[in-house]
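Close look at the chain arrangement
Here are the chains, one letter per residue:
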Amino acid sequence: MRLEFCWFCSSKIYPGHGIQFVRNDAKIFRFCRSKCHKNFKMKRNPRKVKWTKAYRRLHGKDMTKDSTFELERKRNRPERYDRNVMENTLKAIKKIDKIRHDRAADHIAQRWKPKAAKERREARKELEQSISLIKAPLAIQSQEPAITVPKIKVKAPKQQTVENQPMEE
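Just so you know, these numbers come straight off a predicted model, no measurement behind them.

Section: the overall build of the protein chain
A tally of helices and strands in the protein chain yields 5 helices and 4 strands. Across the protein chain, helices and strands are ordered from the amino to the carboxyl terminus as β-β-β-β-α-α-α-α-α. Evaluated residue by residue, the protein chain yields a buried proportion of 12% over its 169 residues. In the protein chain, the share of contacts with a sequence separation of at least 24, taken over all contacts with a separation of at least 6, comes to 40%. A total accessible area of about 15,900 Å² is found for the protein chain, and carbon and sulfur atoms account for 54% of it.

Printed below as a string of structure tokens:
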């Protein structure tokens, strides 16, 4: 089963699905749905349409450079497989999918780091500005440092426990 990719949005097209457009110069364009086909006919640039993979890659929202993408390349040379090679290939595909998934998760986490830090700063700033809404004004005044008396440490006398006291007769 050969999976094609949509010319406009780069999503997978399964056999029996999608639309094919053949231009006068015999170039074949495959589209996953009518939305992509209509955008192509309107001569829209996929790199400027926000929901396409081309836009997401161009603006750093998806991973672009990763060694796991090498295995997804299209090869036009037929290969002769035996059972062992096929079994090893399927095992490798599962491992590579897991690696790709983990790297994508790391990529997303790295993308969200600055935004999370910015949100924390903004929340802290807003809290400092509107603390009077949360606490009563008298409570805020009482927290202001007035004249502070230094604490003095005094040793307390040892108390004798019941076990250590001498018995009375």
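A word on the state of the cysteines
Under the definition given, this model contains 0 disulfides. Unpaired in this structure, Cys6 has its nearest cysteine sulfur neighbour in Cys36, at a distance of 3.7 Å. Classification of Cys6 by relative accessible area gives buried; the value is 3%. With no disulfide of its own, Cys9 has Cys32 as its nearest cysteine by sulfur position, at a separation of 3.5 Å.

Focus: the UniProt feature "domain: TRASH" (unreviewed entry) in the protein chain
Sequence positions flagged by UniProt for "domain: TRASH" (unreviewed entry) are, in local numbering, residues 6–44. Helix makes up 21% of residues 6–44 and strand 26%. Its end C-alpha atoms lie 15 Å apart.

Reading guide: rules and limits
Residues numbered from 1 in each chain as written. Predicted model: local features only at pLDDT ≥ 70, side-chain atom pairs only at ≥ 80, totals over all residues. Heavy atoms only, no water. Helix = DSSP H or I, 4+ residues; strand = E, 2+ residues; numbered from the N terminus. Buried < 20%, exposed > 50% of the residue type's maximum accessible area, 1.4 Å probe, protein only. Contact = heavy atoms within 4.5 Å. Areas by Shrake-Rupley, 256 points an atom, 1.4 Å probe, with all protein chains shown as cover. Disulfide = S-S within 2.5 Å. UniProt positions renumbered as here; feature names shortened; annotations may be inferred.

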